[in-house]
Amino acid sequence: MSDNLLEIKNLKVHFPIRSKRLFGGTTRYVKAVDGVSFYIEKGETLGLVGESGSGKTTIGRSILRAIDPTEGQVTFKLDDQIVDLTQLQGRGLRAFRRYMQLIFQDPYASLNPRMTVRDIIAEPLVASKLAKGKEVDERVRETAALCKLNLEYLRRFPHAFSGGQRQRIGIARALISQPQFIVCDESVSALDVSIQAEVLNLLMDLQAEFGLTYLFIAHDLSVVAHISSRVAVMYLGQFVELAPTKKLFYSPRHPYTEALMSAIPKVNPDIEMTPVHLKGEIPSPVNPPPGCRFHTRCPYVQDMCRTEMPQWQEIETRHFVACHFADTLTLKGTD
Amino acid sequence: MTTEQTDWDALLEVQDLKVSFKTDEGIILAVNGVTFSVKRGQTLGIVGESGSGKSVSTKAIMQLLPRTAVVDKESSIKWHREDGEITEITQLKKTSREMRRIRGGEIGMIFQEPMSSFSPVHTIGNQIIEAVQAHGQVSKKQAREVAIDMLDKVGISNPSVRVDQYSFELSGGMRQRAMIAVALSMNPSLLIADEPTTSLDVTIQAQILELMNQLQEDLKMAIIFITHNLGVIAQVADEVEVMYLGQILERGTAKEVIHQPQHPYTRSLLRAIPRLDHIGGRLTAISGDIPSPLERPGGCPFHTRCEQVIPGVCETQIPALTRISSTHTVHCFLAE
Amino acid sequence: MTTTTTPKDKLADAVPTTDEEKLKYFTASQWQLVWWRFRRNRLGLLGAGILSVYVVILLLADFLAPYGGTTLDVEYVLGPPQVVHFWDDNGFSLRPFVYSVTTTRDPVTLAMVPTIDKSQRRYLHFFVRGEDYKYWNKRSLVSNWHLFGVDEGTIHLFGTDRMGRDIFSRVMYATRTSLTLGVTGVFIAFVMGLIMGGVSGYLGGQVDFFIQRLIELIRSVPDIPLFMGLAAALPRDWTPERVYFMITLILGFLGWTTLARRIRGKLLSLRKEDYVIAAQLAGASNARIIARHMLPSFTSYIIVDIVVSFPYMILAETALSFVGLGLRPPVISWGVLLKGAQNIQAIELAPWLFFPVLFVVFAVLGFTFLGDGLRDAADPYS
C-alpha cells in the first residue's frame, strides 16, 4: 500500500451531549463517525457521499484535525515519512497544516470580510511563516492567476465578489502553501449550476497539474461521480460501500447504495424513475440501531441483520462493502 | 406583445409581468416582461439560477412581495376561479378579502425551508386548523379532522399523534410533507412549489416528488414547480420554462426543452451539468458570471456570456418570440 | 510553479470596466463602510454633534468659564440668570450686553430680591483676560484667557447659587469632571471586561463556567444599594482626589460585567465561523487568530457597547454624588451641583440651580443617539 497518501484506521468521532443536570457530566454521545477505515491513494479523488446525519463532513474535518478524533489513527505519508496525524499537537500540528487544506462550502462565510483578497490568500504563508515580504506577494499573484483571478482583485474586499469568484479565492488560499491533500467540503454545492462546472473544471485542472489528492465530500451524486475516481458511501457514521466510481454507480453491492442510485433524478423526461422505497426514517446518531445500522430501513433485511454487525470486506479488487448478503444480492445501479 | 383574449383552458395567465424593487442602490428590475400560462392539472417547471426572477414572479402571483416591490401597471395576472369567474390579481389589494381567499385557498404555496415555514410554537395541526378555519366556517373539531386526514394523505405515519407535534419534532422529510399538507388542506387548484426539495436528501426528494405527482393526479391540481435542478424538472414537469435575469428565454414541453434545446443558454446549462450517463466527460462551463441585476445588460440578457453571440445585434435588441412548434417557443436571434 | 493554459480556458473574468465609485466600494475597508452607513443616520450624527460640544467643554472648561469654580460674588447671591440683550430702549447694539445686577435680602420675606440696573450697560467682550487657572495643576502652565467676560461688573449666564458662585462656570467644570470620571470608569470596565470576557469566551470549559457564575453573582446584587454600600465604606477623611479615584474604580469594577458577557458571546460565536476555522487550518497561532481574525470582527460592536456604557457611568456618579456618597465639594460634578439644589428653596425660588440637569440629559442623549447610530452602522456586512 505504498501508494497511499492517507490511511485511516477505525476512526471515531463522538460529540458529547451535555447532561441537563446542574454539574452533570456527559453520558451520551452523538456518534457522528463510528469506526471507519479506508485509504486514499496519492493523486486520486475519493468521493464521499451520504445523506444528512451520515457524518461525512465530520470525517473530512477530523482528518484535518479541525475537529479532534475520539479514537482511531490517521497516517499521512509525507515523502518517505509516515506521520500519525492524530498524535500531532500544538506547534507540530501547526507546522503540518501546510500539507493539507480545506475548501469550504459557503463562499460567503469562509472569507474574512475584513481582510483584502490578497491577505486572505496570503494567510497560510504568513501565519505559518512559510514566506516573507516580497516572496509572499509573488506567490499570491502566481496562485491567484492559477485560479483565474484577475490581479486587480487582490486589493479588494470579499464583498465585491460573487459566489463563484469567492470560491476561487478560497481555492487559491487552499493552494498557496502547496499542499498535497485537499478536502473539498461541499465546495460547489452553494454555487449556481453554470458556475459549478467552472469550479469543478478548475479543481480537476489543478489536480492534474500539481498531483493533488482530493477528498471530495458532497451530497450531489452526479457531481461526485464526475470528479471522483473512487466513491465511498456513508450511513449513520459508518461506511457501507467503497468502490471505483463506475462500479459503485452501475453495479452497487449495498442496498443503501442501490436506494441512493435509484433516487437520483435523471435529466431525461423519457425515463420514469422507480426509486427504491426505504422504510421509516434515519435513526438518531445518539442511539444507532444494533447489528447492521441500516437494518431498520433495508428492503432486504433478514434476522441476522438485526443482531450482527456486518464486516467491512473487500469483495472484489478495490470494492469494499459492509453487508451480510453482498454476495447473494443482485442490485440495480443507475442506468 | 400582450394578448387580450383569454385562453379558457388556462387556470392562470400571466402577461408581461414586470416587477422592480426600490433599494438604496437604485431601482432593480427583477422580472422584465414575463408571459406564461398554466393549464388545469398541468405541471409547469420553471428553471433558473440566481437572479432569474423565478421566485419573484410567483410571489407576485400570490401578492407576497415586500413593500419595496413595484409591479408594472401594464402587467396582468389573470386567475380563473372555481366558479368560472376571472379575477385580475394585479388589481386586488394585498390584504383584501378576495386576495386572502385566493392566497392559501385557491392557490397554495410551499417553500424551500420547511423549518422556517412553520411557527416553532404552534403544533403542525394548529397551523392546518388555522388555515382551514380562515377559509371557511368550520368548527375546530371538523378542522382537526381535516388536518388529520391531510397528514395521512401526504404519507405521514400516525397522523392522529403527529397532528399535535411541533415542527422541530419532525424530520426534514416529514416537515416538507407537513408543509404540503398545510398547502393542500384547502384543496387549491394551483400549487406553487418554490424549490421544495432543494434542501432535502436525495432519497427524501424522490419520495416527495413521487408524492406530489400522485397528489396531482388525485386532486387534479396544477403545479408550478420552481427549481434549478434539471433532473428534477425532467421528472416532474410537463412543460418547462427557462428563465434568466428576469426573462423567459425558452419554453416547451419537458421533452422538447431537454432533448432539443433551442436557446444557447439552455444548451449550455445541459452541457454544464454532470450526467450519470456519461461519467467522467469534461463539463462545458459557461464563461463569465451572472450579471448583477443592478448592471443589466442591454438587449438579450444572455449576450454577455453567449458563445454564439451575434455582434451588433444581441447587445442592442431584445429578440422576439420565435415559434418552433405549437408548444415550443424561444427568444433568440439565432432561431429567427 | 509554471502555469499552463489550455486553449479553451481564457481568463475567467475580463478586466471589469468599473467606474470610480464602484472601485471605491470594492476596496473599502470595514471602517469606511461603517462610516458611510453612519453618515446617513441623522440621529447618530446629532448625537455625535452633541458630544463634540461636550468634548470641547471638557478640553477648554477653564477657558469657557468666565470665573473660577469657587469665586464668590457677594453682590449677587442666589441671583437669576442675566439675560443677554442686543437692543433696549436705548437702541441696537452689535455688541451684546447685560445689565448690572445686585441682589438684596428682603427683610420681610428673607428672600433674595434681584435689582436690575437698566441704566448701566455692561458690554460683553470676547477673549478677555480674567482669573488665572492652571492646566493640569501645573504651575508652569498658567493662563488667564477666557472666552468672554464683561469690562465691569459680572456676567452670570446661569445665575448664581446661595454662595454667590457663578453657576455657568461651575457647570463647565462639572462637565469636565463628570465626563472624565465617566471615561476613566468606562476604560477600567472595558479593560476588565475584555480580559474576563476574552478568557471566558476563548478558553471555555471550567474557566468560562466560573467567570460566568461570578458575573451572575455581581449582577444579581441591586445596583444602588451596592454602590451606596461601597461608597459609604470610603473613609470620610479622604481627600477629594482620593475619593474621586475610588469612585471611578468602583464604577469600573461593577460595570465590566456587561461588556464581558458581550465579548464572550461574540467570541463563542466567532469561533465557529468558517473563516476562523480557515485561519486555524492555515496554521495561525491562537494569538494570531484572536488578534488578526476575531478582534476586528467585533471591534465595532465593542465600540458600540462602550459608547452605550457611558450614560450608565455618568448617571451612576451623578446619583451617588447627589445622595452625598460620591464626590463632595470642593470637587465640582453634576451630582455635586444637583445636591446643592436639593431643597425647597431651590425649587421654589431659584430654579436656575437645576441647569446641570440639562447637561446630564443632553450628555446621555448624545451617547445614546451616537451608540444607536453606530450600532446600526456597525455591521456593514449584514
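Source: prediction; values computed, not measured. (Residues numbered from 1 in each chain as written. Chains lettered and ligands numbered in written order. Predicted model: local features only at pLDDT ≥ 70, side-chain atom pairs only at ≥ 80, totals over all residues.)

Asker: Is there a simple way to explain the overall build of chain C in this structure?
Answerer: Within chain C, the secondary structure is distributed over 12 helices and 4 strands. Computed over the C-alpha atoms, the radius of gyration of chain C is 28 Å, more than 25% above the 21 Å expected from 2.2 N^0.38 for a compact globule of 382 residues. Seen along its three principal axes, the alpha-carbon backbone of chain C occupies a region of about 105 × 55 × 40 Å. Expressed as a percentage of the 382 residues in chain C, the buried residues total 37%. Of the contacts formed within chain C by residues at least 6 apart in sequence, a portion of 72% connects residues at least 24 apart. (Helix = DSSP H or I, 4+ residues; strand = E, 2+ residues; numbered from the N terminus. Rg over C-alpha atoms; globule rule 2.2 N^0.38 Å. Buried ≥ 20, exposed ≤ 12 C-beta atoms within 10 Å, placed from the backbone. Contact = placed C-beta atoms within 7 Å.)

Asker: Please clarify how the overall build of chain A should be interpreted in this entry.
Answerer: Along chain A, the regular secondary structure elements total 10 helices and 12 strands. For a compact globule of 335 residues, the expected C-alpha radius of gyration is about 20 Å, and chain A comes in at 21 Å, within 12% of that figure. Once the C-alpha set of chain A is aligned to its principal axes, its extents read approximately 65 × 60 × 45 Å. The long-range share in chain A, meaning contacts at least 24 apart out of those at least 6 apart in sequence, stands at 65%.

Asker: Could you clarify how one ought to interpret the pairing of strand β11 (residues 247-253) of chain B in this entry?
Answerer: As a general feature of sheets, a regular strand has side chains that alternate between the two faces. Residue and element names in this part refer to chain B. By the criterion of burial, β11 is predominantly enclosed, with 6 of the 7 residues buried. Bridge analysis of strand β10 (residues 239-244) against β11 gives 6 bridges, and the strand direction is antiparallel. Pairing of methionine 243 across the sheet is with isoleucine 248, part of β11. Count of turn residues in the β10/β11 antiparallel hairpin: 2 residues, of which leucine 245 carries a positive phi of about 50 degrees. Here β11 pairs with strand β13 (residues 329-331) via 2 bridges, running antiparallel. Bridge pairing in β13 links glutamate 250 to valine 330. (Pairing = 2+ DSSP bridges.)

Asker: Sorry if this is basic, but what is going on with the sheet that holds strand β10 (residues 238-244) of chain A here?
Answerer: Within a beta sheet, neighbouring strands are joined by backbone hydrogen bonds and run either parallel or antiparallel to one another. All names here are of chain A. Spatial ordering of the open sheet is given by β6-β7-β8-β3-β9-β10-β12-β11, a layout of 8 strands whose pairing is mixed. Only two strands of the sheet have a single partner each, and these edge strands are β6 (100-103) and β11 (313-316). Ignoring which end each strand starts from, the neighbouring axes of this sheet average 25 degrees apart. As paired strands, strand β3 (residues 45-50) and strand β8 (residues 213-217) are joined by 4 bridges and run parallel to one another. Bridge pairing links glycine 47 to phenylalanine 216 in β8. (Axes fitted to C-alpha atoms, helices over the stretch in contact; angles between N-to-C directions.)

Asker: How should the sheet that holds strand β3 (residues 43-48) of chain B be read in this particular structure?
Answerer: Residues and elements named next belong to chain B. Taken in spatial order, the 8 strands of this open sheet run β7-β8-β9-β3-β10-β11-β13-β12, and their pairing is mixed. Because the sheet does not close on itself, it has two edges, and the strands there are β7 (107-110) and β12 (321-323). Averaged over all pairs of adjacent strands, the angle between strand axes in this sheet comes to 20 degrees, irrespective of strand direction. Contacting β7 and β8 (190-194), helix α7 (residues 172-184) crosses the sheet at an angle of about 165 degrees to β7.

Asker: Even after reading the chapter, I still don't get helix α9 (residues 286-322) of chain C, so can you show me in this structure?
Answerer: An α-helix turns once every 3.6 residues. As a result, residues three or four positions apart point the same way. Residues and elements named next belong to chain C. In this model α9 runs just 47 Å from its N-terminal to its C-terminal C-alpha over 37 residues, more than 12% under the 54 Å that 1.5 Å per residue would give. Of all the bends in α9, the greatest, near 55 degrees, is centred on leucine 295, and the proline proline 296 appears no more than four residues after it. With its phi angle positive at about 90 degrees, glycine 324 sits one or two positions after the end of α9. (Expected span 1.5 Å × (residues − 1). Bend = angle between axes of the 7 residues up to and from the residue.)

Asker: How do you make sense of unusual backbone geometry when you look at a structure like this?
Answerer: Glycine aside, negative phi is the norm for most residues, and most peptide bonds take the trans geometry. Even without glycine at this site, lysine 129 of chain A takes up a positive phi of about 55 degrees. Its place among the elements puts lysine 129 of chain A in the loop between α3 (117-127) and α4 (133-146). Not every positive phi belongs to a glycine, and glutamine 63 of chain B is a case in point at roughly 55 degrees. Mapping glutamine 63 of chain B onto the fold places it in the loop between α1 (54-61) and β4 (69-71).

Asker: How do you make sense of the confidence of the model for chain A when you look at a structure like this?
Answerer: Low pLDDT marks regions whose predicted coordinates should not be analysed in detail. With 97% of its residues at a pLDDT of 70 or more, chain A has an overall mean of 90. Within chain A, no element has a lower average pLDDT than strand β2 (residues 26-41) of chain A, which sits at 89, and none a higher one than β8 of chain A, at 96. (pLDDT = per-residue confidence, 0-100.)

Asker: Even after reading the chapter, I still don't get the environment of valine 231 of chain A, so can you show me in this structure?
Answerer: Residue and element names in this part refer to chain A. In this structure, valine 231 sits in strand β9 (residues 230-235). A sequence separation of 171 residues divides valine 231 from glycine 60, and the C-alpha atoms of the two residues are 14 Å apart. Setting aside residues up to four positions removed in sequence, valine 231 forms contacts with Gly47, Val49, Val224, Ala243, Thr245 and Leu248.

Asker: Would you explain the interface of chain B and chain A in this entry?
Answerer: On the side of chain A, 37 residues touch chain B, which itself brings 37 residues to the contact. The set of elements that each furnish at least two residues to the side of chain B that touches chain A consists of α8 (202-219), α9 (230-236), α10 (254-259) and α11 (264-272) of chain B. Its residues placed into classes, the side of chain B that touches chain A shows 17 nonpolar, 12 polar and 8 charged. (Nonpolar A, V, L, I, M, F, W, Y, C, P; charged D, E, K, R; others polar.)

Asker: I would appreciate a short explanation of the packing of helix α4 (residues 167-203) of chain C against helix α12 (residues 355-378) of chain C in the present structure.
Answerer: Each packed pair of helices is defined by two parameters, the angle between the axes and the distance between the axes. Residue and element names in this part refer to chain C. At a minimum axis distance of 10 Å, the contact between α4 and α12 shows a crossing angle of 30 degrees. With respect to α12, the element α4 is oriented roughly parallel. The two elements α4 and α12 meet at a crossing, and its hand is right-handed. The segment α4 lies against α12, with Ile167, Val171, Ala174 and Thr175 engaging Phe355, Pro356 and Phe359. Considered class by class, the residues forming the contact of α4 with α12 number 6 nonpolar, 1 polar and no charged. (Parallel < 35°, antiparallel > 145°, perpendicular 65-115°, else oblique. Left-handed = near helix turned anticlockwise from the far one by under 90°.)

Asker: Mind showing me how you'd approach the confidence of the model for chain C here?
Answerer: Residues and elements named next belong to chain C. Confidence in the prediction for chain C averages 80 pLDDT; 93% of positions are at 70 or higher. At the low end of the mean pLDDT range in chain C sits helix α1 (residues 20-26), at 74; at the high end sits helix α8 (residues 274-281), at 93. Overall, residues 1-17 carries pLDDT values under 50, and its contacts beyond four positions in sequence, including any with other chains, amount to 14 contacts. Across the interfaces of the predicted complex, the ipTM metric reaches 0.88, alongside a pTM of 0.81.

Asker: Teacher, can you tell me more about the packing of helix α9 (residues 255-263) of chain A against α8 of chain B here?
Answerer: In contact at an axis separation of 8 Å, α9 of chain A and α8 of chain B are set at 50 degrees when each is read in the N-to-C sense. With respect to α8 of chain B, the element α9 of chain A is oriented oblique. With respect to the hand of their crossing, α9 of chain A and α8 of chain B are arranged in left-handed fashion. Between α9 of chain A and α8 of chain B, the residues in contact are Ala259, Leu260 and Ala263 of chain A and Val202, Thr203, Gln205 and Ala206 of chain B, respectively. Classifying every residue of the contact of α9 of chain A with α8 of chain B gives 5 nonpolar, 2 polar and no charged.

Asker: Sorry, what's going on with the nonpolar core here?
Answerer: A general trend in soluble globular proteins is that nonpolar side chains are found buried together. Counting 266 residues, the largest nonpolar core has Phe216 and Val233 of chain A together with Leu190 and Ile224 of chain B as the members making the most contacts within it. Not counting residues within four places of it along the chain, the set of residues in contact with phenylalanine 216 of chain A comprises Thr45, Leu46, Gly47, Leu48, Cys184, Val224, Ile227 and Ser228 of chain A. (Core = buried A, V, L, I, M, F, W, Y, C linked by C-beta atoms within 7 Å.)

Asker: Is there a simple way to explain α8 of chain C in this structure?
Answerer: With 7 of its 8 residues buried, α8 of chain C lies for the most part within the structure. Three or more residues of α8 of chain C are buried, namely Tyr275, Val276, Ile277, Ala278, Ala279, Gln280 and Leu281 of chain C. Next to the buried residues of α8 of chain C lie β6, α3 and α5 (163-175) of chain A together with α7 (240-271) and α9 of chain C. Positive phi shows up at glycine 283 of chain C, right after α8 of chain C, with a value of about 95 degrees.

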